[in-house]
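Here is how the chains run, residue by residue.
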Amino acid sequence: MNACARQPRFWPAFLLTSLILAACRPAATPAAAKVASSGFTCPEPQPRQTLTSTTLNLFVWTEYIPADILECFGLVYGVTVNREEFSSNEELYAKLEAGAAGYDIVHPSDYIINVMIRAGLLQPLDQGRLPNLANIDPEYLKLYGDRADYVAPYQVGSQAIIYDAERVPAPPQAWADLWKPEFARRMVFVDDSRVIIGMALLSLGYSVNTTDAGQLAEAEARLRELVPNVKLFDSDSPKTALIAGDADLGIVWNGEAFLAQREKPSLQYVFPREGAITFEDGFAIPQTAPHIDAAYAWINYALQADVAWLLLQDYPYTVPNRAALEFARANHPDLYQAYADSAITNTPAATLLAGARVEDVGAALTLYDRIWTEVKGGQ
């Protein structure tokens, strides 16, 4: 006899009916997996957070967040993800400082984090709502210091020199080498004021964070000599000109260098003798964020190991997410090994800590801004 038809004797009718219905109800089937347009199966949030918001507004760096993460977050939470992109810390800061109030997540880097904190533009993170922060390697977390109270770590890395070994027989080994006349109009630089001014300061033996007006004047004079020899400034995709052969050397981020080398193995990345310039960035929540619950859900999902490993595939800078690296080693060993073996991207935390780190220079920032505007304007 079918088990659902068996009815124990002498049980109250209401209890008997409830038991039969429970036993005979079809087993619940798991929700169908969400699949991104690329074919990537979206991981379920771990843990899933309860949202009332139906929208998430991001203001993030160009070419820096894997498309699958963006699409999957929208799919697994059923929210609309709106993304706006910027190309420099200065652009990000200017927009928020001018009163832009619709962003739930912003993506600041290094010195601008402190500037935004000082200006009251960011809210402290409730780390209790971000259990996946535990995935961050404590050694890389040291790079953030107190900024980790406001920013959830995303990626870290360096800015150094790249060159095409097939087209540059005597490659540069120092920042000062970029002033050599044979490199004129052959270079691409990231469009980043603090990096380029900082590079000029390092070439003179000064700190990238100096507030000394005399030292900055020397750096400005040096840059007035160099900037006319730069073929282009590009913070969206500086690797493009190098891969195409439109530039033979320059200053790029390590992740861009790694991706460029995948396409063109003759491209080499070198830490200058004076020291590379390092960075760290992450996700922050503006004081005016309208969808706080979605913002926390986004950060926690982006930190999830089976999500964050996508950085190694799409934007392999230096990944501080230890759990993501372990996931990649177990599930995508070729991808992991390529990352682990690369001196470009797998930079030890101690090396980054020893590099030239761009910090908040307080009121002297206006001097840096003036130098950059006038030097770039005379290009």
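Right above here is the structure, for reference.
Before going into details, it helps to say that this report is about the structure given with it. Note that the structure is predicted; figures quoted are calculated from it, not measured.

Some details on the state of the cysteines
Formally, a disulfide is one covalent bond, and it connects the sulfur atom of one cysteine to the sulfur atom of another.
Here is step 1: Under the defined criterion, the tally for this structure stands at one disulfide.
Here is step 2: A disulfide bridge connects C42 with C72, and the sulfur atoms are separated by 2.1 Å. Across the S-S bond of C42 and C72 the torsion is about -75°, and the bridge reads as left-handed. Note that C42 is positioned in the loop between α1 (13-24) and β1 (55-61) and C72 in helix α2 (residues 67-77), a separation of 30 residues in sequence. The exposure classification of C42 matches that of C72, with both residues buried.

Notes on the environment of L70
Here is step 1: With respect to the helices and strands, L70 occurs in helix α2.
Here is step 2: Sequence separation between L70 and P138 is 68 residues, and the spatial gap between their C-alpha atoms is 26 Å.

Notes on the pairing of strand β2 (residues 80-86)
Here is step 1: Direction of pairing for β1 relative to β2: parallel, over a ladder of seven bridges. Paired with L56 across the two strands is V81, which belongs to β2.
Here is step 2: Following the chain from β1 across α2 to the adjacent parallel β2, one finds a crossover that is right-handed.

Quick look at the side chain of D137
Here is step 1: Relative to the assigned elements, D137 resides in the loop between α4 (110-118) and α5 (138-141).
Here is step 2: With no salt bridge to any partner, buried D137 finds its closest opposite charge in R322, at an N-O distance of 4.3 Å.
Here is step 3: Those residues in contact with D137 that sit more than four places away from it in its chain are P320 and R322.

Considering the packing of aromatic side chains
Here is step 1: Tallied over the full model, the rule gives 17 aromatic pairs.
Here is step 2: Ring centres of F40 and W309 lie 6.4 Å apart, and the angle between their planes is 55°; on these two criteria the pair is classed as tilted. Residue F40 is found in the loop between α1 and β1, and its partner W309 is found in the loop between α11 (305-308) and α12 (310-314); the two are separated by 269 residues along the sequence. Taken as a pair, F40 and W309 share a single burial class, namely buried.
Here is step 3: Relative to W372, the ring of F233 lies with its centre 5.8 Å away and its plane at 90°, an arrangement referred to as edge-to-face. Taken as a pair, F233 in strand β6 (residues 230-233) and W372 in helix α16 (residues 365-377) lie far apart in primary sequence, 139 residues in all. In terms of burial, F233 and W372 fall into one category: buried.

A look at the sheet that holds strand β3 (residues 105-106)
Here is step 1: Taken together, three strands build an open sheet; the order of strands is β2-β1-β3 and the sheet is parallel. The open sheet has two free edges, formed respectively by β2 and β3, since each of these has just one partner strand.
Here is step 2: Relative to β1, helix α10 (residues 292-302) is tilted by about 55°, and along the sheet it contacts β1 and β3.

Things to note about the side chain of N321
Here is step 1: If you trace the backbone, N321 turns up in the loop between α12 and α13 (322-331).
Here is step 2: With near-sequence residues (within four places) excluded, N321 lies in contact with N135, I136, L303 and A308.

Quick look at the nonpolar core
Here is step 1: Among the nonpolar cores identified, the biggest contains 111 residues, and F189, I196, M199, W298 and I299 are the most heavily contacted of them.
Here is step 2: If you tally residues by element for this core, the top one is α10, at eight residues.
Here is step 3: Core analysis: the next-biggest nonpolar cluster, separate from the first, contains 14 residues, A160, I162, V188 and F258 among them.

Focus: the packing of α2 against α10
Between two packed helices, what matters for the description is the angle formed by their axes and the separation of those axes.
Here is step 1: Closest axis-to-axis distance for the α2/α10 pair is 11 Å, and the angle between their directions is 125°. Considered as vectors, α2 and α10 are oriented oblique to each other. Read as a crossing pair, α2 and α10 show a hand that is right-handed. Seen from α2, the contacting residues are I69, L70, C72, F73, V76 and Y77; seen from α10, they are A294, A297, W298 and Y301.

Basis of the calculations
- Residues numbered from 1 in each chain as written.
- Predicted model: local features only at pLDDT ≥ 70, side-chain atom pairs only at ≥ 80, totals over all residues.
- Heavy atoms only, no water.
- Disulfide = S-S within 2.5 Å.
- Helix = DSSP H or I, 4+ residues; strand = E, 2+ residues; numbered from the N terminus.
- Buried < 20%, exposed > 50% of the residue type's maximum accessible area, 1.4 Å probe, protein only.
- Pairing = 2+ DSSP bridges.
- Right-handed = clockwise from strand over helix to strand, strands pointing away.
- Lys, Arg positive; Asp, Glu negative; His and termini not counted.
- Salt bridge = Lys/Arg side-chain N within 4 Å of Asp/Glu carboxyl O.
- Contact = heavy atoms within 4.5 Å.
- Phe/Tyr/Trp six-rings, centres within 6.5 Å; stacked < 30°, edge-to-face > 60°.
- Axes fitted to C-alpha atoms, helices over the stretch in contact; angles between N-to-C directions.
- Core = buried A, V, L, I, M, F, W, Y, C linked by side-chain atoms within 4.5 Å.
- Parallel < 35°, antiparallel > 145°, perpendicular 65-115°, else oblique.
- Left-handed = near helix turned anticlockwise from the far one by under 90°.

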